[in-house]
Amino acid sequence: MKAIFLNTWGGKVFEPLVRFLRESAPTTDFFCLQEIFDSPYARTVSWGGHADIWKQLSAALGDFEPYYAPAVSGFDGDMTADFDLSFGNAIFAKNNIPIGAHGQFFICGEDRAASPVNEMFPHVLQYVRFAREGKEYTLANLHGIAYPGTKRDTPERIVQSQRALDFLKGEKGEKILGGDFNLMPDTESIRMIEAAWMRNLIKEFGITTTRSTISYAQYPESDRQYFADYAFVSPGTAVTKFTVPQILISDHLPLIVEIAEEKRKG
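To keep things clear, this report deals only with the structure shown in the data block. Every value quoted in this text rests on a predicted model; they were computed, and no experiment measured them.

Parameters at a glance
Residues numbered from 1 in each chain as written. Predicted model: local features only at pLDDT ≥ 70, side-chain atom pairs only at ≥ 80, totals over all residues. Heavy atoms only, no water. Helix = DSSP H or I, 4+ residues; strand = E, 2+ residues; numbered from the N terminus. Rg over C-alpha atoms; globule rule 2.2 N^0.38 Å. Buried < 20%, exposed > 50% of the residue type's maximum accessible area, 1.4 Å probe, protein only. Contact = heavy atoms within 4.5 Å. Pairing = 2+ DSSP bridges. Axes fitted to C-alpha atoms, helices over the stretch in contact; angles between N-to-C directions. Phe/Tyr/Trp six-rings, centres within 6.5 Å; stacked < 30°, edge-to-face > 60°. Lys NZ or Arg CZ within 6 Å of the ring centre and 35° of its normal. Expected span 1.5 Å × (residues − 1). Arc of directions from axis to C-beta.

### Focus: the overall build of the protein
Within the protein, the regular secondary structure consists of six helices and twelve strands. Scaling as 2.2 N^0.38, a compact globule of 266 residues should have a C-alpha radius of gyration of about 18 Å, and the protein matches this with 17 Å. Seen along its three principal axes, the alpha-carbon backbone of the protein occupies a region of about 60 × 40 × 35 Å. The proportion of buried residues among the 266 residues of the protein is 56%. Pairs at least 24 apart in sequence give 71% of the contacts found in the protein among residues at least 6 apart.

### Section: the sheet that holds strand β9 (residues 199-200)
Sheet architecture is open: six strands sit in the order β5-β6-β7-β8-β10-β9, paired in mixed fashion. The two strands at the open ends of the sheet, each matched to only one other strand, are β5 (99-108) and β9. Bridge count for strand β6 (residues 123-132) against strand β7 (residues 135-143) is eight bridges, and the pairing is antiparallel. Residue pairing for β7: Q126 is matched across the bridge by N141. Along the sheet face, helix α3 (residues 155-169) touches β5, β6, β7 and β8 (174-180) and points at about 155° away from the line of β5. Across the sheet, helix α4 (residues 188-196) lies against β9 and β10 (229-233), angled at about 15° from β10, the strand it touches most.

### Focus: the packing of aromatic side chains
Where two aromatic rings form a pair, the distance of their centres and the angle of their planes describe that pair. Inspection of every chain in the model, using the stated rule, returns 17 aromatic pairs. Summarising the aromatic geometry, the rings of W54 and Y68 are spaced 5.0 Å apart at their centres and angled 25° between planes, so their arrangement reads as stacked. Taken together, the residues span a long stretch of sequence, with W54 in helix α2 (residues 53-60) and Y68 in strand β3 (residues 64-73) at a distance of 14 residues. Of the aromatic side chains, those joined through ring pairs into one cluster are F37, W47, F75, F87 and F121. Geometry around W197 places K175 over its ring, the cationic atom sitting 5.4 Å from the centre.

### Observations regarding the pairing of strand β12 (residues 255-259)
Of all five residues in β12, four are buried; the element is thus mostly enclosed. Direction of pairing for strand β1 (residues 2-7) relative to β12: antiparallel, over a ladder of four bridges. Residue pairing in the sheet places K2 in a bridge with E258 of β12. Of the pairings in the sheet, the one linking strand β11 (residues 239-243) to β12 comprises four bridges and is antiparallel in character. When the sheet's bridge partners are listed, K241 is paired in β12 with E258.

### A word on α3
Along its 15 residues, α3 runs 21 Å from first to last C-alpha, staying within 8% of the 21 Å computed at 1.5 Å per residue. Turning to α3, its buried residues number three or more, namely R157, Q160, S161, A164, L165, F167 and L168. Taken down its axis, α3 places every buried residue within 165° of arc, on the same side. Packed against the buried residues of α3 are β5, β6, β7, β8 and α4.

### Focus on the side chain of S234
Turning to its location among the elements, S234 is positioned in the loop between β10 and β11. Residue S234 is classed as buried on the basis of its relative accessible area of 5%. If we ignore the near neighbours within four places in the chain, the residues touching S234 are E174, K175, W197, M198 and R199.

### A few points about the sheet that holds β1
Strand order in this open sheet of six strands is β3-β4-β2-β1-β12-β11, and the pairing throughout is mixed. Edge strands, defined here as strands with exactly one partner in the open sheet, are β3 and β11. Within this sheet the neighbouring strands show an average axis-to-axis angle of 20°, counted without direction. Across the face of the sheet, α2 comes into contact with β2 (30-38), β3 and β4 (86-94) while running at roughly 145° to β2.

See below:
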């Protein structure tokens, strides 16, 4: 089983992003994406993201069942939108995988109304539940609080991690949690997830950055941040491979998790 987590940057690097997803699709079971816009209008937002990226990706990934989790409406991440627009997460599940349940909940903020960009900008955790080879899984897709941009601890970020943990502790079977957490590795917000019971694959596999050279080019070397994205799994999840390739499809890199599935005896 393979899952790919990626902050898409709203499809700002559109053609390379779509090509990567299409080329990855035959060997991928789940795409867990962040910064996904949905709009009836084929236009760009103020900073270059594609307002109809949800529609475009749904068409490109025809062999997948799409699940959209809007977090905020009428706001493009930088400014109020003067047209119909929502912003959130998306999970694309391969059509041959029966999804037992799916949903979302707020890990920050409480509604989808347009909001100033601050620590309380609405963010959601999205999830799907499914079974493979007799084993139950919960796959969770998180886009974390973006401000302040230092990616250091704040009370809101501590609450974000706690809400994610409280949810996963109540889930049966194995858990996979990933996405753009907007956190540095040495924060308490990350340590508390590690301390609970989750394996940090970024640390375990010695990953040195989750940001692309597109991100580096925007800042002087002294201001560059090399981490934002994480993948965590429960102890019983048999990870066979974890890679974060330097592919120029966003200002973030894709996190690719591969998991062995045990065959039932008999």
